[in-house]
Amino acid sequence: MNNILRIAIQKSGRLSEDSLKLIKECGIRFDNGAGKLKTSATNFPAEILFLRDDDIPGYVEDGVAHLGIVGENVSEESDRDVNTVHKLGFSKCRLSIGVLREHDYAGVQDLEGKSIATSYPKLLGKYLSENNVKAQIHEISGSVEIAPSIGLADAVCDIVSSGSTLLSNGLKEVETIFKSEAVMIASKHLTAEQQGLLDQLLFRIKSVQVAKNNKYILLNCPTSAVDEITKYLPGMKAPTVMPLATEGWCSIHSVINENDFWENIEKIRLAGAEGILVIPIEKMIL
Ligand code: PRT
Ligand code: ZN
């Protein structure tokens, strides 16, 4: 099995849906019937393993899985000897320290001598020692946020997304110690064939990601406005400019980046663009 990629993804949880979607968007087809622990792709030399996220870095380190999709928080905390090969842009969250709302918190030195409940003892320990703070780390595996209100610890260090869990447990977020998103990790012992398959997969993932960040745009404008409008639509090489059947008018086709979309649309409109159509792009090969 040296020429097949075994990809471990979370069986059920916050990463599962986006991990499956990404693999499917890369054109890899497989049957993921409910309850399956392993499945084979039908059109790519790959197998998918469905595991608990905490187990994925270990499986990848051991080479049982060649690739894995996990939160950076889990991968870093596991401290396994794996390569992080790509950031995937979903499941964004942060690992933060929270204290009781009524606590008058002035800075990280306030944690000196305190006890902090967490499921992330390694990441927290590293943060505390970098900040020369000595605190007692109280490792618990779940429901961390309840610890201060039941007197188990003075503070917590846990994953935060919207912040509502901290809030509803009477806590406030005071330090962010790690920013996380889903990442692809790889074994350090891939065969040349497996490395080739990984390169193909990464190429597909990047094409999907770039496409998501861009939109196809078509518009009409007076020929006199073409120079001004194309300043905001550089396109992949240059925009396509075609004459319209109406004298003195053109159609411009290009791509527009999601990040500065609204700002540029406004400028294009002010420069004289009309009939602007914006269409999603499925894949983008640069
Ligand atoms: O069963 P298994 O072990 O596979 O899954 P799990 O229960 O350990 O993990 P899961 O599915 O909850 O999370 C998987 C990954 O999603 C995490 O490792 C993070 O990388 C990422 N992620 C993104 C989150 C969150 N957002 C998140 N909000 N993981 C957990 N939370 C929890 C957090 O622990 C806290 O209880 O949500 C609560 C905070 O959310 P807010 O929105 O109230 O701030
Ligand atoms: Zn887990």
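Note that the coordinates shown come from a computational prediction; the quantities given were computed from them, not determined experimentally. (Residues numbered from 1 in each chain as written. Chains lettered and ligands numbered in written order. Predicted model: local features only at pLDDT ≥ 70, side-chain atom pairs only at ≥ 80, totals over all residues. Heavy atoms only, no water.)

1. So, the overall build of the protein chain
Regarding its fold elements, the protein chain presents eight helices and 15 strands. Its C-alpha atoms give the protein chain a radius of gyration of 25 Å, more than 25% over the compact-globule value 19 Å for 286 residues. Projected onto its principal axes, the C-alpha coordinates of the protein chain cover approximately 80 × 55 × 35 Å. A buried classification covers 44% of the 286 residues belonging to the protein chain. Intrachain contacts of the protein chain at a sequence separation of at least 6 include 68% that bridge at least 24 residues. Total accessible area on the protein chain stands at roughly 15,100 Å², and carbon and sulfur atoms take up 49% of it. Counting 30 positive and 38 negative side-chain charges, the protein chain places the averaged centre of each group 4 Å from the other. (Helix = DSSP H or I, 4+ residues; strand = E, 2+ residues; numbered from the N terminus. Rg over C-alpha atoms; globule rule 2.2 N^0.38 Å. Buried < 20%, exposed > 50% of the residue type's maximum accessible area, 1.4 Å probe, protein only. Contact = heavy atoms within 4.5 Å. Areas by Shrake-Rupley, 256 points an atom, 1.4 Å probe, with all protein chains shown as cover. Lys, Arg positive; Asp, Glu negative; His and termini not counted. Charge placed at Lys NZ, Arg CZ, Asp CG, Glu CD.)

2. Digging into the coordination of the zinc ion (ligand 2)
Around the zinc ion (ligand 2), the donor atoms from the protein are Asp-53 (OD) and Asp-54 (OD), and they sit 2.0 to 2.1 Å away. Bound by four donor atoms, the zinc ion (ligand 2) shows angles of 75 to 170° at the metal and therefore irregular coordination geometry. Classification of Asp-54 as partly exposed rests on a relative accessible area of 45%. (Donors = N, O, S within 2.8 Å, 3.2 Å for Na, K, Ca; no water. Tetrahedral: all angles 85-135°; square planar, octahedral: opposite > 155°, others 65-115°.)

3. Points about the pairing of strand S13 (residues 240-243)
The pairing of S13 with strand S14 (residues 249-257) spans four bridges and is classified as antiparallel. From the neighbouring strand, Pro-243 faces S14, where its bridge partner is Cys-250. Between the end of S13 and the start of S14, which pair antiparallel, lie five residues, with Gly-248 showing a positive phi angle near 85°. (Pairing = 2+ DSSP bridges.)

4. Quick look at the environment of Phe-30
Structurally, Phe-30 can be placed in the loop between helix H1 (16-25) and strand S2 (38-40). For Phe-30 and Phe-44, which are 14 residues apart along the polypeptide, the C-alpha to C-alpha distance reads 9.2 Å.

Treat this as a map of the structure, not an account of what it does.
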